[in-house]
Amino acid sequence: MALKFLSPTTEIKGISFLDTAKSNHQLPKLQGGFACVRKENGVKSVNRITCSAANQPPPAWPGRAVVEPGYKIWDGPKPISIVGSTGSIGTQTLDIVAENPDKFKVVALAAGSNVTLLADQVKTFKPQLVAVRNESLIGELKEALADADYKPEIVAGEQGVIEVARHPDCVTVVTGIVGCAGLKPTVAAIEAGKDIALANKETLIAGGPFVLPLARKHNVKILPADSEHSAIFQCIQGLPEGALRRIILTASGGAFRDWPVEKLKEVKVADALKHPNWNMGKKITVDSATLFNKGLEVIEAHYLYGADYDDIEIVIHPQSIIHSMIETQDSSILAQLGWPDMRLPILYTLSWPERIYCSEITWPRLDLCKLGSLTFKNPDNVKYPSMHLAYAAGRAGGTMTGVLSAANEKAVEMFIDEKISYLDIFKVVELTCEKHQAELVTSPSLEEIIYYDLWARKYAAGLEPAASGLNAVLV
C-alpha cells in the first residue's frame, strides 16, 4: 500500500516540511532561514529570513575561477589517488589515465568489494597502495594478485581508504565513493593538502558547512567532476570579481519528462530506470526521474560558487548537450556544450587549469549542424515536488541538506525494492526533513553530519505505509 500523498493533479502552491494534509497549519520557520520557493515563482514565501553571512561557509569558488600565482603545472604525469576505483567514476578516470599515461599516473586505489576488478586495475596501473573497504575480502584480493609481477601494499577497512586518500605522493584525489562513506576520506585528503576531484555529492550537500572552511584553511582546490558543475566551473574561468549574476542548471527531465502528471501514480520501477540520454546506475537514474538530482545540484551550486538560492535556476533541456549555463551582470549567457559523456568533466578536474588534447576516435567531437536543434522548457513543479524540497532544505542549511540527501537515498532504495510507490519518495523525504527541524544544527561538526545522515536513513526506513496515511516508528 502506498504512503498517503497529495493528489498528483493538485497544484502545488509551495512545499513545506509539513504533512500536506494539514493545510490549516502555519508553515514553521527553520533555524537559519526558510523559504518555500524562489521569488521568481510568484508564490509568496512564509516568514522568509535570509541566513546571515556569518552562518554561511566560504564557497569553493566565489563566482569566479582564477589560477593563483605559483600554482604548479605538472611537466610529467600528475600523481593521483582514486577512492572508489571500481565504480563508474573510478573506471572512467582510469580510462583517462590509460589514454594519457604521459599526463597522469595512479599511486593509490581504494574500492569497496569488487576485488576481481580491483585486481585487474592493480595489474594494469601498478599503484603503490591499494585499499579494500570490506576487510573480509583482503585474502581474496591477495589470492587474485598471487601470480602478478607487481604487488602493492594492501590495507583494509575505512582506515585503509583514508590512507589512499592522503597518500603522500598523490596531488589530486578523485572521490567516487557514493554516500557519506566518502566524507572521512575526503576530509583526510584535504587535511593532507590534496586537491579534490569531487564526484561525491555528499561531500558538499551534507558536509559543506564543515568541509568548505577546512578546504580554505588548507588552501585546497575542490574541482567539480559532475557534468553540470564542471560546466559552471568552466564558464566562470577568468571572470572578474562580482561578474556572476545567475546560475542555470540544465536537466534532461528524466524518464517522465513527457509523461502527464496524472500517470505518475502508475509508475513502476522499470519505468523510472529508462533514462532517455544517460546510461547510469539505478539510484542516480531514479533521481533524474524525480529531479532530486537537480535539487541536490542546486545545493551543491550554492556551496561551490556562493550563489544565493534565488539566483540558481533549473531548466529542462531534453538533449543534454548544454550541461549548464551562467549569466553575467551584463546579461550575457555563457554555456558549456558537449556530448553526454562523464569523461570530459573528470578530465578537466584532473588537468585544470590546462586543456588536454583528446583523440576524435575515443572522444567524438560535437557537430551542432548534425545535432539540429536545442530546446528548453520550465520544469513542472507539480511533476517534480523535489525542487521545492531541495530549495527549502538549502535555505535551512546546516544538517538539513544532508538529511534531505540521506532520506532521498533511503526512499529511492525502498522504491527500487518495491516497498513504496514512486510518489512516496517525495513524502518520505518531506516527512524526514520535517522531523529534523527540531534538531537542526546550523554549523555542524563532522561527527554531527555523519550522525544525522545515519539518523535520516533510519527514520526514513521507519516510515511505514498505512491505510490512514503514514505511521512513523520511533528512532
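From a predicted model like this one, the values you see are computed outputs, not experimental measurements.

*Asks:* Hey, could you run me through a nonpolar patch on the surface in this one?
*Replies:* A cluster of nonpolar side chains, namely Leu337, Trp339, Leu366 and Leu368, defines an oily patch on the protein surface of about 310 Å² accessible area. Structurally, Leu368 can be placed in helix α13 (residues 368-371). By relative accessible area, which is 46% here, Leu368 ends up partly exposed.

*Asks:* Hey, could you run me through the pattern of salt bridges in this one?
*Replies:* Side chains bearing opposite charge may pair, as long as their charged atoms lie close to each other. Per the counting criterion, the structure on display carries 20 salt bridges. Here Glu163 ties to Arg166 by a salt bridge, and the two come within 2.6 Å at their closest N and O atoms. Its relative accessible area of 35% is what places Arg166 among the partly exposed residues. When the shortest N-O distance is used, the salt bridge between Glu327 and Arg245 registers 3.8 Å. One end of the pair, Glu327, is in strand β10 (residues 322-328); the other, Arg245, is in strand β8 (residues 244-251), with 82 residues separating them in the sequence.

*Asks:* Just checking my understanding: could you explain the packing of helix α1 (residues 88-99) against helix α2 (residues 115-125) for this structure?
*Replies:* Helix packing for two helices is described by the angle between their axes and how far apart those axes are. One can describe the packing of α1 onto α2 by two numbers: an axis separation of 12 Å at closest approach and a directional angle of 20 degrees. Classed by the angle they form, the pair α1 and α2 counts as roughly parallel. Both α1 and α2 take part in a crossing whose hand is left-handed. On α2, the residues that touch Thr91, Leu94, Val97 and Ala98 of α1 are Leu117, Gln121 and Phe125. For the contact of α1 with α2, the class distribution of residues is 5 nonpolar, 2 polar and no charged.

*Asks:* It is not clear to me how the packing of aromatic side chains should be interpreted in this structure. Could you clarify?
*Replies:* Working definition: an aromatic ring pair is given by the centre-to-centre distance plus the angle between the planes. Under the counting rule described, the total for this entry stands at 14 aromatic pairs. When the centroid spacing of 6.5 Å and the interplanar angle of 75 degrees are considered together, the rings of Tyr452 and Trp455 count as edge-to-face. On the criterion of helical spacing, the pair formed by Tyr452 and Trp455 is a turn pair, its members being 3 residues apart in helix α17 (residues 446-461). Side by side, Tyr452 and Trp455 carry an identical accessibility label, which is buried. Each member of the aromatic cluster is reached from another via a ring pair, and the members are Phe256, Trp259, Phe292, Phe415, Tyr422 and Phe426. A cation sits over an aromatic face here: Lys72 above Trp74, 3.9 Å from the ring centre. In this structure, Arg343 packs its charged tip against the face of Trp363, placed 4.3 Å from the ring centre.

*Asks:* For this particular structure, what's the right way to read the sheet that holds strand β6 (residues 195-198)?
*Replies:* Sheet strands pair via backbone hydrogen bonds, and the direction of the pair is either parallel or antiparallel. Read across the sheet, 7 strands follow the order β4-β3-β2-β1-β5-β6-β7 without closing on themselves; strand pairing throughout is parallel. Of all strands in the sheet, those bounded by a partner on one side alone are β4 (153-156) and β7 (222-224). The mean angle between the axes of side-by-side strands here comes to 25 degrees, regardless of whether they run parallel or antiparallel.

*Asks:* It is not clear to me how the pairing of β8 should be interpreted in this structure. Could you clarify?
*Replies:* In regular strands, side chains alternate between the two faces of the sheet. Most of β8 sits out of view: 6 of its 8 residues are buried. Looking at chain direction, β8 and β10 are connected through 5 bridges and run antiparallel. The residue bridging Arg246 from the neighbouring strand is Glu327, located in β10. In this sheet, strand β9 (residues 312-316) lies alongside β8 in parallel orientation, the contact comprising 5 bridges. By the bridge assignment for β9, Leu249 is matched with Ile314.

*Asks:* Just to check I follow, could you spell out the sheet that holds β10 for this structure?
*Replies:* In space, the 4 strands of this open sheet follow the order β9-β8-β10-β11, with mixed pairing throughout. What marks the edges here is a single partner per strand, and that holds for β9 and β11 (333-337). On average, each strand axis in the sheet is inclined to that of its neighbour by 20 degrees, with strand direction left out of account. In this sheet, β11 lies alongside β10 in antiparallel orientation, the contact comprising 5 bridges. Note on β11: the bridge partner recorded for Ile326 is Leu334.

What counts and what doesn't
- Residues numbered from 1 in each chain as written.
- Predicted model: local features only at pLDDT ≥ 70, side-chain atom pairs only at ≥ 80, totals over all residues.
- Heavy atoms only, no water.
- Patch = residues over 30% accessible without salt bridge, like charges linked within 9 Å, V, L, I, M, F, W, Y side chains within 5 Å.
- Areas by Shrake-Rupley, 256 points an atom, 1.4 Å probe, with all protein chains shown as cover.
- Salt bridge = Lys/Arg side-chain N within 4 Å of Asp/Glu carboxyl O.
- Helix = DSSP H or I, 4+ residues; strand = E, 2+ residues; numbered from the N terminus.
- Buried < 20%, exposed > 50% of the residue type's maximum accessible area, 1.4 Å probe, protein only.
- Axes fitted to C-alpha atoms, helices over the stretch in contact; angles between N-to-C directions.
- Parallel < 35°, antiparallel > 145°, perpendicular 65-115°, else oblique.
- Left-handed = near helix turned anticlockwise from the far one by under 90°.
- Contact = heavy atoms within 4.5 Å.
- Nonpolar A, V, L, I, M, F, W, Y, C, P; charged D, E, K, R; others polar.
- Phe/Tyr/Trp six-rings, centres within 6.5 Å; stacked < 30°, edge-to-face > 60°.
- Lys NZ or Arg CZ within 6 Å of the ring centre and 35° of its normal.
- Pairing = 2+ DSSP bridges.

That is the geometry; function is a separate question.
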